[in-house]
Amino acid sequence: MSSAPAIELVGISKRFGPVAANRDVSLSVAAGSIHGIVGENGAGKSTLMSILYGFYEADAGEIRIAGAPRRIRSSADAIAAGIGMVHQHFMLVETLSVVENVVLGAEGGAFLKGGIGKARGALAKLSQDYGLAIDPDAIVGELSVGLQQRVEILKALYRGAEILILDEPTAVLTPAEADQLFALLRALKAQGKTVILITHKLREIMDVTDRVSVMRRGEMVAHVATAETSPPALAEAMVGRRVLLRVEKEPRERGAPVLEAVGLSCRDGRGTETLKDVNLTLHAGEIVGIAGVAGNGQSELLEVLAGLIQPSRGVVRLGGQILAAADRHPARLRDLGLMHIPEDRHRSGLVTAFSAAENAILGYQHDPAFGSGPLLSPARIEAHAREAFAAYDVRPPDPALKTAKFSGGNQQKIVLAREIERGPKVLLVGQPTRGVDIGAIEFIHRRLVALRDAGVAILLVSVELEEVMALSDRIIAMCGGRITGERVAEAADERDLGLLMAGVTDEAA
Amino acid sequence: MSAAPVELPRWADIALVPLVSVIAALLVAGLVVVGIGENPLEATALLLRGALGSAEGIGFTLYYATNFIFTGLAVAVAFHAGLFNIGGEGQATVAGIAMAIVCLALPMLPGFLAVPFAILGAAAGGALWAFIPGWLQARRGSHVVITTIMLNFVAATLIVYLLREVIGKPGSMQPETPDFPAGAILTPMHQLLAPLGLKLPASPLNSAFFLALMALVAVWLLIWRTRLGYAIRTVGANPRAAAYAGISPAAVTMVAMAISGALAGGLAVNEALGVQHRLVLDFTAGYGFVGIAVALMGRGHPAGVGLAALLFGVLYQGGAELSFDKPAITRDMVVVIGGVLVLFAGALDGLFRRLVASVLGMGRAS
């Protein structure tokens, strides 16, 4: 192994208009190591990696691969330099098979047959080398998210990547899948490959990396050996101040039942039952967390309760009243005091093409406060947003800025402010901190606990088991659309909940 | 920060990129003119003089622009709801039929009532014809692109039947209605402005032009200043977010299509009520399709639509004069120029966005 670092970035700077995304960033990644890069959303990690992968060209600075300076002006240059990238959102053709996806862009001639044959052989060898069991003829769209990610990794390895960049790879994985991924990364390292892991989850950094670099506001603020640091120290470096990683919460007597679901069942478009006979009671002043691996009915439960999809059976009572079909509509439920922070803010919680001020009234566009008659008043909408953004520390506090330009945490704060400020009786919360930086997580958690203390009934769905355990008063586990068990939060432990989430019910145990 | 499409400052997006596109289109069109052995500079001068060099020319240019404003706005409103309404021709046709029926059925109405009724009739006819595909998409999942273009053919056949068998002029060999009552027509511009001491030569320009300008403002108000416009834009940008917000994408689809069709009806108002004073076959003459180009070029914004409509008005009027002066350059050439313009301003827009972005970026760095 050569002594030169696999990658050296020297003095990289990149501006987007007035924003300095990267300022004089230097980074050295030793060959055959796993190097973590952490930083809040918008700290410049993705920009830096995009420069390394040829999506952008740096305004200044130099890239050296294995000691030699290289210009990387396109992803083709990056691939030629032995760099492979696994994006957060996979770049796969879902209707094609694994092997077809792997040769995509490297077909090796006008006719597919030769390239596919070669790829099949190479894939078999790669699978063996790294213990990546995968059927080359499976259709990618039918694979689990974890397996799709393996296809992405295989794709990069097939093209001869010596350096693998993974951008937030665990954001879409279950805890078990994440563990498998880390095992794979260690195997890659054992074979002499270099891995760059971009993440905001400090536990992953501590688990798997050798060294870690911290970015804040476009600059590198620390390079340390993982063994010599700790999560609180990293968090402090990322945010620039001390952060509370634990949620502080006083015990509280819960109030009267507010929301009750009785015998809820639901079918999706294909007729598959996604919710099976779900019974649930939510009291004032408590947080009930739903623990479950993604895709086990939690999303459907939220959507049924929010009036976005209709149940095939069962009733919902809000404040003691059974909701008629006409009441099970998002606009009507908002009027009744049931607010909803959706799981995916990009897909349904926000219109990213709108200004932040416009998004701050989404769902409340009929409120007389925002205009007169059929007209909306831009001045009033802006004033409202300015006030809400100040109260919720949305940065930048610019109501006219396009929502897509805010970081994930600040987008989430816009949603949070919108749904909380009207004093909900019931709050449905889906993945409140997905893609949100540490500083904002702390803020969001504190707000949710304050709401509970003020007597709001909160239903929390999150794929982060830690989050569910930290915030909830009661935890309900779901598996296959069914409720498999319930625990008081203090008495719950991860192993026990893990069994419930896997479908091992109390009765069976 | 992601490798998203190129982001430009607003002014560049609205003004600079279309301008670069138009210049590129004119250069390519110039090459074609050279190809047929004419001098492109001379041709451009003739075209501009024909369109803008005389009061009469300007009158014609604005008359054409009136048509393009209506059809361009029709496409733009549907665009904001995420719908591609390419049925402006058919909607204007049915609008014309409805308007003719109103005009001919109510001969006793005084002018100040007949004209508003006729305009409302046109709007209702166009709205109905566009509501049908809106309903089909919202409730039955049939795509509006398919249904609107199919309904163009239905409307084209319907008007032939009606003009021949039902509302046609008795005894006439032409497929046309009798003349509308004298009260039920729009005032030509040269008559309208005469009391102000302005002596204008006769042109087809009429008071429908003011209606078009009002429509520009009204559409801007609708889209950016009303709750309905907010709902339309939400559905267009993110239907799931609309459903989450309690906005029904199905209802908005139907409403937006109806508004779009009503705007296309403005074409019938300008042509039949303003110029021909009767309904003739094929009065839509492809203006409905050009409206798609106008809306694309104008980026769906009323200000852009107005400018693009003016540009196409110049091309139509100047082109007609040009082919008169230079027989080698036929009206088909003008169609070619228009086509190149659409290609560059609509389809190849991304080409120049990158160029403009890099030029602006360099300007900032130095």
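Position numbers for residues start from 1 in each chain and track the written sequence from start to end. Following the order in which they are written, the chains are lettered starting with A and the ligands numbered starting with 1. Thresholds applied to this predicted model are a pLDDT of at least 70 for local features of residues and 80 or more for the giving and counting of side-chain atom pairs; totals over whole chains, interfaces and linings are not thresholded and use all residues.

Participant: So what about the overall build of chain A? Which residues, and what values?
Facilitator: In terms of regular secondary structure, chain A is built from 17 helices and 20 strands. Only C-alpha atoms enter the radius of gyration; for comparison, a globular chain is expected to reach 2.2 Å times N to the power 0.38, where N is the number of residues. Its C-alpha atoms give chain A a radius of gyration of 24 Å, within 12% of the compact-globule value 23 Å for 509 residues. Dimensions of chain A along its principal axes, counting C-alpha atoms only, are 70 × 55 × 50 Å. Counts of 20 or more other C-beta atoms within 10 Å of a residue's own C-beta define buried residues, counts of 12 or fewer define exposed ones, and intermediate counts define partly exposed ones; C-beta atoms are placed from the backbone. Across the 509 residues of chain A, 46% fall into the buried class. Segments assigned H or I by DSSP are reported as helices when at least four residues long, segments assigned E as strands when at least two residues long, and all are numbered from the N terminus.

Participant: How would you explain helix α8 (residues 231-239) of chain A if you had to name every residue and give the values?
Facilitator: Residues and elements named next belong to chain A. Considered for burial, the residues of α8 that qualify are Leu234, Ala235 and Met238. Taken around the axis of α8, the buried residues stretch over an arc of 100 degrees, which confines them to a single face. Here, residue contact means that the backbone-derived C-beta atoms of the two residues sit within 7 Å. Close packing links the buried residues of α8 with β3 (34-39), α7 (202-208), β9 (211-216) and α15 (438-453). Following α8 by one or two positions, Gly240 adopts a phi angle in the positive range, close to 90 degrees. Arc definition: it is the arc formed by the directions from the helix axis to the C-beta atoms.

Participant: Outline the confidence of the model for chain B, supporting the account with residue identities and numerical values.
Facilitator: Low pLDDT marks stretches whose predicted atomic positions should not be read closely. All names here are of chain B. The quantity known as pLDDT measures the predictor's confidence residue by residue, on a range of 0 to 100. This prediction gives chain B a mean pLDDT of 89; 95% of its residues lie at or above 70. Across residues 362-366 the pLDDT falls below 50, and counting only partners more than four positions away or on other chains, this stretch makes one contact in the model. Predicted complex, confidence summary: ipTM 0.85, pTM 0.81.

Participant: Tell me about the interface of chain A and chain B, residues and numbers included.
Facilitator: Each partner contributes residues to the interface: chain A has 28 residues there, and chain B has 19 residues. Sorting the residues of the side of chain A that touches chain B by element identifies α1 (45-52), α10 (330-335) and α11 (345-349) of chain A as the ones contributing at least two each. Under the grouping applied here, Gly and all other residues not named as nonpolar or charged are polar, the nonpolar ones being Ala, Val, Leu, Ile, Met, Phe, Trp, Tyr, Cys and Pro and the charged ones Asp, Glu, Lys and Arg. Split by residue class, the side of chain A that touches chain B holds 15 nonpolar, ten polar and three charged.

Participant: Please set out the sheet that holds strand β6 (residues 83-86) of chain A residue by residue, giving values where relevant.
Facilitator: Residue and element names in this part refer to chain A. When DSSP finds at least two bridges between two strands, those strands are taken to pair. With mixed pairing, six strands are arranged side by side in an open sheet as β6-β7-β8-β3-β9-β10. Since the sheet does not close on itself, it has two edges, and those belong to β6 and β10 (219-225), each with one partner. Each neighbouring strand pair of the sheet contributes to a mean axis angle of 20 degrees, computed without reference to strand direction. Each axis is a line fitted through C-alpha atoms, taken for helices only over the stretch in contact, and angles between the N-to-C directions span 0 to 180 degrees. Against the sheet, α1 engages β3, β6, β7 (163-167), β8 (194-199) and β9, with an angle of about 150 degrees to β7. Across the sheet, helix α5 (residues 145-158) is in contact with β6 and β7; its angle to β6 comes to roughly 170 degrees.

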